[in-house]
Amino acid sequence: MGRLFGTDGVRGIANKDLTNELAMKIGAAAATVLLKEAKSAKPTVLIGKDTRASGDMLEAALTAGLCSVGCNVLSVGIVPTPAVAYLVGKYECEAGIMISASHNPCEYNGIKIFQKTGYKLDDAIEEEIEAIILDDAEPINYKIGGDVGNRLYSKNAVKDYIAHVVSTTDVRFDGMTVALDCANGSASVCAKDIFTSLGAKCIMLSDTPDGVNINDNCGSTHPEELMRFVKSANLDLGLAFDGDADRMLAVDENGELVDGDKVIAICAKRMKEEGRLKQDTAVVTVMSNMGFFKFCDEEKINCARTAVGDRYVLERMLKDGYNIGGEQSGHVIFLDYATTGDGELSGVQLIETVVKSGKKLSELASVMTVYPQVLINVRVSAEGKQKYNNDEYIIAATQKAEMELMGDGRVLVRVSGTEPLVRVMLEGKDIDHIQRLGEDIAAVVKERLS
């Protein structure tokens with residue numbers, strides 16, 4: 001994790017941590033690094049955003065930075081993050097930028113940068129950009145006169161992205177009735193069109209963004225209302241996206257949550273049965289539930305584990321040639337179709353599996369038994385995040401909990417890559433036991449790092 005870039009771009013409270021000045025510098029520095037090999041005299045960088053009120057402001061600053069060094073900017077407006085990853089290649093741009101803080105509240109915003117290949121930046125490239133911004137490691141060549149860049153607009157971005165997602169299945173969803181919770185975010189502009197064009201009847205929730213209601217008690221971080229609604233309305237299933245629609249959690253017909261682990265399990269099992277699961281392997285992070293690893297053993301599916309963060313999942317998939325992976329939180333990467341996590345594409349693949357199987361989602365989800373899990377987020381100071389790895393009291397508290405579980409569970413304590421948090425996660429057979437152990441560790445973290 002770098003000095004500016006976390007596990008998913010640069011993120012902070014807009015106009016406080018992520019200022020216009022910083023955004024402009026990121027634009028100029030990123031262009032300086034990424035466009036060294038550009039063949040065009042005025043290479044084009046694509047910019048998309050989610051529905052946050054600060055998106056326009058930060059887009060203007062980024063655009064100023066990019067144009068100042070001679071780049072044209074193609075503004076595609078409000079789109080999901082995976083749309084930027086897809087469109088940067090389709091439109092033959094040199095890079096793509098998404099302005100979003102994903103699942104975070106509206107006051108946050110962020111900047112995610114994609115290479116022309118559609119993949120997020122490597123650590124080394126991020127460090128090079130950071131060095132220009134923070135250390136003046138390389139001069140920025142500002143242009144004048146007719147050499148400055150121009151701002152362009154795309155009217156077809158959403159339409160082109162919808163066509164891409166729909167093209168990933170040849171199955172019709174006729175007869176299915178689904179609820180779509182758009183988190184008042186990016187999915188609001190495309191989710192209904194995607195699923196209705198495939199034949200599903202869609203009931204929309206949280207699809208009226210106003211700039212401040214993004215992720216506000218809705219979407220994949222707050223699926224409770226969707227769970228109640230799907231059950232009470234007797235729907236086939238529900239899909240909940242996050243603010244930039246790169247995550248998706250599902251809800252079965254009984255109102256039970258189907259998280260990212262289960263989505264990967266359901267789809268990986270089908271892919272193996274169809275002979276499409278490369279090397280019979282799924283990639284997940286260390287945060288995945290113990291039940292997923294047991295599922296893999298039972299289904300003879302290999303399980304590769306990575307550090308937390310979809311970027312690390314993707315790195316492993318690319319390195320070893322795997323084609324499905326993701327996180328419990330709902331980031332799922334179908335590498336046959338996309339270069340990053342895509343909530344709406346994941347929803348299409350999940351419903352395709354339901355339709356092909358002729359089974360209800362609850363029955364498909366039963367292939368994996370979820371072990372009780374406790375997750376406690378402890379807010380810490382910036383200094384505390386830096387001290388975490390070497391704090392002997394936290395290490396001792398963690399080791400004590402591991403001894404108590406005696407192999408019947410596990411403990412994972414880690415620093416968030418995107419927020420000022422330390423996450424304390426425990427799994428085990430007895431929920432009361434792991435809750436007590438988790439609270440003990442969280443108390444020590446709070447005392448030592450807040």
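Quick caveat, the model's predicted, so the values are computed rather than measured.

Enquirer: Run through the overall build of the chain, naming residues and quoting values.
Expert: Across its full length, the chain holds 15 helices and 19 strands. Each of the three principal axes of the chain carries a C-alpha extent, and together these read 70 × 60 × 40 Å. Counting all 450 residues of the chain, 58% fall into the buried class. The long-range fraction of contacts in the chain, counting pairs at least 24 apart against all pairs at least 6 apart in sequence, stands at 72%. Here the chain displays about 18500 Å² of accessible surface, and carbon together with sulfur accounts for 49% of that area. If the 49 positive side-chain charges of the chain are averaged to one point and the 67 negative ones to another, these points end up 2 Å apart.

Enquirer: Requested: an account of the sheet that holds strand β16 (residues 332-334), with residues and values cited.
Expert: With mixed pairing, four strands are arranged side by side in an open sheet as β14-β13-β15-β16. Sheet topology places β14 (302-306) and β16 at the edges, where each strand pairs with a single neighbour. Strand-to-strand, the axes of this sheet are offset by a mean angle of 20°, without reference to chain direction.

Enquirer: So what's going on with the pattern of salt bridges? Residues and values would help.
Expert: Throughout the structure, instances matching the rule amount to 31 salt bridges. For Asp310, the salt bridge is made with Lys120, and the minimal N-O distance between the two is 3.0 Å. Placement of Asp310 in helix α10 (residues 310-320) and of Lys120 in the loop between β6 (108-115) and α4 (123-135) is noted, with a sequence separation of 190 residues between them. Owing to a relative accessible area of 13%, Lys120 belongs among the buried residues under this scheme. One connected set of salt bridges, linked through shared partners, spans Arg270, Glu274, Arg276, Glu352 and Lys356.

Enquirer: Tell me what's going on with helix α3 (residues 81-90), and back it up with residues and numbers.
Expert: Most of α3 sits out of view: seven of its 10 residues are buried. Taken together, the buried positions of α3 are Thr81, Pro82, Ala83, Val84, Ala85, Leu87 and Val88. Elements in contact with the buried residues of α3: β3 (44-49), β5 (95-99), β6 and α5 (157-166). Residue Glu92 follows α3 closely and has a positive phi angle near 55°.

Enquirer: Can you lay out α10 for me, pointing to particular residues and giving the numbers?
Expert: Those residues of α10 lying buried are Asp310, Arg311, Val313, Leu314 and Met317. Looking straight down α10, one finds that the buried residues subtend no more than 155° of arc, so they occupy a single side. Against β1 (5-6), α4, β13 (281-285), β14, β15 (324-326) and β16 lie the buried residues of α10. Following α10 by one or two positions, Gly321 adopts a phi angle in the positive range, close to 80°.

Enquirer: Tell me what's going on with the nonpolar core, and back it up with residues and numbers.
Expert: Core analysis: the biggest nonpolar cluster contains 66 residues, and Phe173, Leu180, Phe195, Leu239, Phe292 and Ile324 have the highest contact counts within it. A total of seven residues in this core trace back to one element, the largest contributor, which is helix α8 (residues 260-273). Contacts of Phe195, omitting those with residues within four sequence positions, involve Phe173, Leu180, Ala200, Cys202, Leu239, Phe241, Glu344, Gly347, Val348 and Ile351. Among the nonpolar cores identified, the runner-up in size contains 36 residues, and Ala29, Ile47, Leu58 and Ala61 belong to it.

Enquirer: Can you lay out the packing of aromatic side chains for me, pointing to particular residues and giving the numbers?
Expert: Scanning all chains against the criterion turns up two aromatic pairs. Pairing Phe292 with Phe293 gives two aromatic rings, centres 6.3 Å apart and planes at 85°, and the pair type is edge-to-face. Like Phe292, the residue Phe293 is buried in the burial classification. Here the aromatic rings of Phe292 and Phe295 are separated by 5.8 Å at their centres, their planes lie at 45°, and the arrangement is tilted. With Phe292 and Phe295 both in helix α9 (residues 290-299), this residue pair falls three residues apart, about one helical turn. Just as Phe292 is buried, Phe295 falls in that class too.

Enquirer: Now, about the sheet that holds strand β17 (residues 373-379): what can you tell me, with residues and values included?
Expert: An order of β17-β19-β18 is seen for the three strands of this open sheet, with the pairing classed as antiparallel. Across the chains shown, the open sheet's two edge strands, defined by having one partner strand only, are β17 and β18 (409-415). The mean angle between the axes of side-by-side strands here comes to 10°, regardless of whether they run parallel or antiparallel. Direction of pairing for β18 relative to strand β19 (residues 421-428): antiparallel, over a ladder of seven bridges.

Enquirer: How would you sum up unusual backbone geometry? Please name residues and give values.
Expert: We note that Asn15 has phi near 75°; this positive angle belongs to a residue other than glycine. The residue Asn215 is not glycine, and still its phi comes out positive at about 60°. Along the chain, the position of Asn215 falls in the loop between β9 (201-205) and α7 (224-232). The class of Asn215 is buried, set by a relative accessible area of 6%.

Enquirer: Outline the pairing of strand β4 (residues 72-78), listing residues and values.
Expert: Most of β4 sits inside the fold, with six of its seven residues counted as buried. Sheet topology places β3 next to β4; six bridges connect them, and they run parallel. Paired with Lys49 across the two strands is Ile78, which belongs to β4. Regarding topology, helix α2 (residues 55-68) serves as the crossover connection from β3 to the parallel β4, and that connection is right-handed.

Enquirer: Could you give an account of the side chain of Ser75, naming the residues involved and the relevant values?
Expert: Positionally, Ser75 belongs in strand β4. A polar side-chain atom of Ser75 sits 2.7 Å from a polar atom in the side chain of Glu59. With near-sequence residues (within four places) excluded, Ser75 lies in contact with Ile47, Glu59, Arg151, Leu152, Tyr153 and Ser154.

Enquirer: Help me get a handle on the packing of α3 against α5, residues and values and all.
Expert: The geometry of a pair of packed helices is captured by two quantities: the angle between their axes and the separation between those axes. At a closest axis distance of 10 Å, the pairing of α3 and α5 adopts a crossing angle of 100°. Judged by the angle between their axes, α3 and α5 are roughly perpendicular. Facing α3, whose interface residues are Pro82, Ala83, Tyr86, Leu87 and Lys90, α5 presents Ala157, Asp160, Tyr161 and His164. Here the residues of the contact of α3 with α5 sort into six nonpolar, one polar and two charged.

What counts and what doesn't
Residues numbered from 1 in each chain as written. Predicted model: local features only at pLDDT ≥ 70, side-chain atom pairs only at ≥ 80, totals over all residues. Heavy atoms only, no water. Helix = DSSP H or I, 4+ residues; strand = E, 2+ residues; numbered from the N terminus. Buried < 20%, exposed > 50% of the residue type's maximum accessible area, 1.4 Å probe, protein only. Contact = heavy atoms within 4.5 Å. Areas by Shrake-Rupley, 256 points an atom, 1.4 Å probe, with all protein chains shown as cover. Lys, Arg positive; Asp, Glu negative; His and termini not counted. Charge placed at Lys NZ, Arg CZ, Asp CG, Glu CD. Pairing = 2+ DSSP bridges. Axes fitted to C-alpha atoms, helices over the stretch in contact; angles between N-to-C directions. Salt bridge = Lys/Arg side-chain N within 4 Å of Asp/Glu carboxyl O. Arc of directions from axis to C-beta. Core = buried A, V, L, I, M, F, W, Y, C linked by side-chain atoms within 4.5 Å. Phe/Tyr/Trp six-rings, centres within 6.5 Å; stacked < 30°, edge-to-face > 60°. Right-handed = clockwise from strand over helix to strand, strands pointing away. Polar contact = N/O pair within 3.5 Å; in protein donor to acceptor, adjacent residues only side chain to side chain. Parallel < 35°, antiparallel > 145°, perpendicular 65-115°, else oblique. Nonpolar A, V, L, I, M, F, W, Y, C, P; charged D, E, K, R; others polar.

Remember that the coordinates give geometry; whether it matters functionally is a separate question.
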